[in-house]
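What follows is the residue order along each chain.
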Amino acid sequence: MKILQIDTYDITGGAARAAYRLHKGLLQIGQDCRTLVRYKASTDDSVFCLIPENPPEKVEEEFFLSMAIQQHYINSHRTDISNTLFSLPYPGYDLSTLPMVQAADIINLHWVAQYQSPLTLHKLFALGKPVVWTLHDQWAFTGGCHYTAGCEEYCHGCAPCPQLADDPFGLPAAVLKDKLKFFEDANLTIVTPSRWMAECARQSRLFKDLRVEVIPNSLETDVFVPQPKSEAKESIGISAETITLLFGGEDSNERRKGFRELKAAIKYCLKDTRFQNLVKSDKIKMICFGRLSDELEAVGIPVEALGYLDSDEKIMTAYCAADIFVLPSLEDNLPNTMLEAMSCGTPVVAFDVGGMPDAVINGVTGQLVPMGDTRQMGKAILSLIFNSEKRGVMGKECRKKIEEQYKLEIQAQRYLELYQELIEHHTSGVQSTFEDHTSRVWEVPVSLKGEPLSVTLELSVGFHFKDIYDQVLFKALKELSCYVQKQWQASEADRAARLKVIKQLGEKLEASEADRTARLKVIEQLGEKLEASEADRAARLKVIEQLGEKLEASESDRVASELDRGCPSKRYG
């Protein structure tokens, strides 16, 4: 079976890592799987990336879509309800003409924002192959938001949109209508990692009539393994007796990640006398991946940011060093961090939202509390801090659950069974002929392995978005021009300030040069005086030398005179 995974990234970001683990799992069980991405960061030869063929005449249109509309119609008008991604689904890259795509038996889409558009997806669907779309967030069935922040308008028409403060032309609604048109009659099956996401997909206007399956994400259980917590703590410079609370610091300023709520939960803990004593005696610490959240810089207890960890082994050690993993997300699918912590034997405290209850069994593998209830989260944290035996039992249950349900090969096998069912239903006896026809183009020459594949950027948009395109673009360009004007004014003000500084420095330089010239003149005069003094000294030395010579001559003459006077006395004596 020739399996093709399509994803924007291969290993950058949570969705990409989840998709890549499926890719690894399929290879591990002996399947011929490849991944086609827009941006590649790995060195895996079974992952292929693209190089766009963009003629000059397309640059302007791409700028209008990717910069003007995205930045100045969408991004600059986000409301306070959410700051998670909101992506315009145009433009996209046409993959349908690539021999590798045409040769695949089945296509599995993943996170394809900023890579695929409704039109390019329509072209993929038109190949007639069975397509699976794994939903890593909600973007696939909304008008642009990646998480809805509680809005359910995706079940109807995405209008009005609570995440856009100024949307007079109904952009999300137009996008959703385009998706409805382009996805008609697609041989498409939806897979979600969590039951929550599956329910959202089933309720959505776009996917309500499609087959929706739940297949959880997986992870490398041979890499994320439990270690003695005392050893893990000491390896990252923490005392073995210190209670450690771990949280994911990456994207910590994203509102849906719940770091404000985490801060509030810790403040609740600080009201507890026992907790206060731990803080005073330096026996409790929070650690986080990535950089420290603005919300947690003054949380009231020591917080240590571990920074970017460049290997799974280092990440595993951090999980093992934690006594509790705190996951305060207000919206999430099935976070990799939750599974990784549990695989390392660390119990999880989380809000009862999204895919959290799929893995966290309350009182067994962690503690679940009502969404946004920071008081209950604080209580849950305290209950585990002061019960080491309970933490130990929960940690063992975490590892057991992960080994039973979340290994790479378990996920891969479930996907393979789905692929086989879809292909069997699709081909109905003509599979062998199809395989004979495509086997030659599926193979990639050794000389091309690792090389980017050329594709065309598809700038066309759907009918409904096209209907409002000119108005949206005009508004975006108007705001862009104001933005550019402000930037230009700021640049000119900065330039004027810099010129003023340069002028002041020039004046100082001139004064310095004048002072230098004066000093050089003084030095020159001193030099002349020194030369005169040296000449006078030389003359005086010469006089002294002459006087010395005269003195020597006089002394010699005196001695001779005395000798002359002494000679008669010697004669007559």
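Refer to the structure presented above.
Residues numbered from 1 in each chain as written. Predicted model: local features only at pLDDT ≥ 70, side-chain atom pairs only at ≥ 80, totals over all residues. Heavy atoms only, no water.

(A) Representation of the sheet that holds strand E5 (residues 106-109). Pairing is mixed in the open sheet, where 9 strands are placed in the order E4-E15-E3-E2-E1-E5-E6-E7-E8. In this open sheet, the two strands that pair with only one neighbour each are strand E4 (92-94) and strand E8 (211-214). Sheet twist, expressed as the average angle between the axes of neighbouring strands with direction ignored, equals 30°. (Pairing = 2+ DSSP bridges. Helix = DSSP H or I, 4+ residues; strand = E, 2+ residues; numbered from the N terminus. Axes fitted to C-alpha atoms, helices over the stretch in contact; angles between N-to-C directions.)

(B) Main features of a nonpolar patch on the surface. The grouping of Phe 63, Met 67 and Leu 477 at the surface amounts to a nonpolar patch, some 230 Å² of accessible area in total. Within the element layout of this structure, Leu 477 appears in helix H17 (residues 463-572). Residue class for Leu 477 comes out partly exposed when judged on its relative accessible area of 30%. (Patch = residues over 30% accessible without salt bridge, like charges linked within 9 Å, V, L, I, M, F, W, Y side chains within 5 Å. Areas by Shrake-Rupley, 256 points an atom, 1.4 Å probe, with all protein chains shown as cover. Salt bridge = Lys/Arg side-chain N within 4 Å of Asp/Glu carboxyl O. Buried < 20%, exposed > 50% of the residue type's maximum accessible area, 1.4 Å probe, protein only.)

(C) Seen up close, the side chain of Glu 220. Inspection of the secondary structure assignment puts Glu 220 in the loop between E8 and helix H7 (229-235). Among the residues examined, Glu 220 registers a relative accessible area of 6% and is labelled buried. Filtering out sequence-adjacent residues up to four positions away, Glu 220 remains in contact with Arg 21, Lys 24 and Leu 408. (Contact = heavy atoms within 4.5 Å.)

(D) Quick look at the sheet that holds strand E12 (residues 324-327). Read from one edge of the open sheet, 6 strands run E11-E10-E9-E12-E13-E14, paired in parallel fashion. Whereas interior strands pair on both sides, the edge strands pair on one side only; in this sheet they are strand E11 (303-305) and strand E14 (366-369). Recorded for the sheet is a direction-independent mean angle of 20° between the axes of neighbouring strands. For E12 and strand E13 (residues 348-351), the ladder comprises 3 bridges, and the chain directions are parallel. Note on E13: the bridge partner recorded for Val 326 is Val 349.

(E) Layout of the packing of aromatic side chains. Overall, the coordinates contain 17 aromatic pairs when judged by the stated rule. Ring geometry for Phe 141 and Phe 207: centres 6.1 Å apart, planes at 75°, overall edge-to-face. Of this pair, Phe 141 sits in the loop between strand E6 (131-134) and helix H5 (171-182) while Phe 207 sits in the loop between helix H6 (195-203) and E8, and the two are 66 residues apart along the sequence. Residue classification places Phe 207 among the buried positions, given a relative accessible area of 1%. Taken together, Phe 125, Trp 133, Phe 141, Tyr 154, Phe 183 and Phe 207 form an aromatic cluster joined through their ring pairs. For Arg 274, the ring lying beneath its charged end belongs to Phe 386, and the centroid distance is 4.1 Å. (Phe/Tyr/Trp six-rings, centres within 6.5 Å; stacked < 30°, edge-to-face > 60°. Lys NZ or Arg CZ within 6 Å of the ring centre and 35° of its normal.)

(F) Summary view of the nonpolar core. In this structure, Leu 36, Ile 69, Leu 95, Trp 133 and Phe 465 are the most contacted members of the largest nonpolar core, which totals 72 residues. Broken down by element, the residue count for this core peaks at 7 residues, all from H17. Grouped together as the second largest cluster of nonpolar side chains are 62 residues, Ala 265, Leu 339, Met 356 and Ile 381 included. (Core = buried A, V, L, I, M, F, W, Y, C linked by side-chain atoms within 4.5 Å.)

(G) Representation of the environment of Val 191 within the structure. Note that Val 191 resides in strand E7 (residues 188-192). Separated by 59 residues in sequence, Val 191 and Val 132 place their C-alpha atoms 6.8 Å apart. Non-local contacts of Val 191, meaning those with residues more than four positions away in its chain, are made with Val 132, Trp 133, Thr 134, Leu 135, Glu 213, Ile 215, Tyr 415 and Leu 418.

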